[in-house]
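Single-letter residue listing:
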Amino acid sequence: MTEWAVSLLILLGAGLMLLAAIGIIRLPDLPTRMHATTKSGALGTSLIMVGVAVYFADVAVVTRVIAIIAFIILTAPVAAHVIGRAGYFVGVPLWKGTVKDELQKNYDPQTHALKNGLEKPSANTKTQQKNRRR
Amino acid sequence: MKSNSDYWKYYAEESSLSTVIINLVYLMLSSALLLAFIRMAKGPSLPDRVVALELIASIVAGIVGVHAIDTGVSSFLDVAIVLSLTAFLATIGFARFLERGGPRDD
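Please read all numbers here as calculations on a predicted model, not as lab measurements. (Residues numbered from 1 in each chain as written. Chains lettered and ligands numbered in written order. Predicted model: local features only at pLDDT ≥ 70, side-chain atom pairs only at ≥ 80, totals over all residues.)

## Observations concerning the overall build of chain B
How we decide: We count a stretch as a helix when DSSP gives it H or I for four or more residues in a row; a strand needs E for two or more, and each element gets its number in order from the N terminus. With C-beta atoms placed from the backbone, a contact is any residue pair whose C-beta atoms sit within 7 Å.
Scanning chain B from terminus to terminus reveals 4 helices and 0 strands. When the helices and strands of chain B are placed in sequence order, the string is α-α-α-α. Contacts in chain B between residues at least 24 apart in sequence constitute 55% of all its contacts with a sequence separation of at least 6.

## Regarding the overall build of chain A
Applied cut-off: Exposure criterion: with C-beta atoms placed from backbone coordinates, a residue whose C-beta has 20 or more other C-beta atoms within 10 Å is buried, one with 12 or fewer is exposed, and one in between is partly exposed.
Broken down by element type, chain A carries 4 helices and 2 strands. Taken from the N to the C terminus, the helices and strands of chain A come in the order α-α-α-β-β-α. When burial is assessed residue by residue, chain A has 33% of its 134 residues classed as buried. Across chain A, contacts joining residues at least 24 apart in sequence account for 58% of those joining residues at least 6 apart.

## Topic: unusual backbone geometry
Of note in the backbone geometry, A57(A) takes a positive phi value of approximately 50° without being a glycine. Residue A57(A) is classed as exposed on the basis of its 9 C-beta neighbours within 10 Å.

## Re the interface of chain A and chain B
As a measure of interface size, the accessible area lost when the parts come together is often cited. Rules: The residue classification treats Ala, Val, Leu, Ile, Met, Phe, Trp, Tyr, Cys and Pro as nonpolar and Asp, Glu, Lys and Arg as charged. All others, Gly included, are polar.
With 46 residues of chain A at the interface, the matching set in chain B holds 41 residues. Residue assignment for the side of chain A that touches chain B shows that the elements contributing at least two residues are helix 1 (2-26), helix 2 (30-56) and helix 3 (59-90) of chain A. A breakdown of the residues in the side of chain A that touches chain B according to their chemical character gives 32 nonpolar, 10 polar and 4 charged.

## Some points on the packing of helix 1 of chain A against helix 2 of chain A
Residue and element names in this part refer to chain A. This is how the line gets drawn: For helices, the fitted line uses only the C-alpha atoms of the stretch in contact; every axis is such a line through C-alpha atoms, and the angle between N-to-C directions lies from 0 to 180 degrees. By definition in this entry, angles of less than 35 degrees are roughly parallel, angles greater than 145 are roughly antiparallel, angles of 65 to 115 are roughly perpendicular, and the rest are oblique. For any helix crossing, the convention is left-handed if the near helix is rotated counterclockwise from the far helix by under a right angle, and right-handed if that rotation is clockwise.
In the contact formed by helix 1 and helix 2, the axes pass within 8 Å of each other and the chain directions differ by 165°. Judged by the angle between their axes, helix 1 and helix 2 are roughly antiparallel. Our pair here, helix 1 against helix 2, has a crossing hand that is left-handed. Residue composition of the contact of helix 1 with helix 2, grouped by class: 18 nonpolar, 9 polar and 1 charged.

## Re the confidence of the model for chain A
Threshold: One number per residue, pLDDT, summarises how confident the predictor is, and it ranges from 0 to 100.
A residue-level look at chain A finds 89% of positions with pLDDT of 70 or above and a mean pLDDT of 85. For chain A, helix 4 (residues 121-133) of chain A is the element with the lowest average pLDDT, namely 53, and helix 1 of chain A is the one with the highest, namely 94.

Have a look at this one:
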């Protein structure tokens, strides 16, 4: 019974990791590749670790497994966010079939300034007038 | 005193999982590792390579877990802890390097 549960868990985890690897080799640009790897990679590692915990069924092992899973679930989204942000700012080209790029009109790659889209237009025109006077 | 081959036989008897399943999982994880390595070698830009490196680290953590089940030695899990920690720090470091605009040769 335990063997079947462990087999199912590690097979599912390995299948998810294989899916992540196929995604990273097949998908066209950086954000879609990250979409493939971060979620299924983290879930695959977590499932294999749950399989290890079920297999050993020991307090020390289960504690370490919980620590590993908590660490992966805490760090994977942070790492994905940080590297995706860096990739966008560096100017990695997006796929030509990209439908929506909401940052494009708010981000200026020359000054590295990021608007939130809620600035008052009056402030903007005031600075423009100041520049014109000069 | 046990010889080396007896030592491994002891641990091989410890694992009650079917060897077919263990080998299948090793095969799947190894092919995933190969695909991620191809992306890391080929990747057109540095962020692609960093994403592939992160995936390689989590695949290796999975392989370590399966190897712990295979041999019955639970101490291998410490390797998985250290590996996931190091991979996170490496990703943060690369991202900071990219945003600061260091010299790079994609």
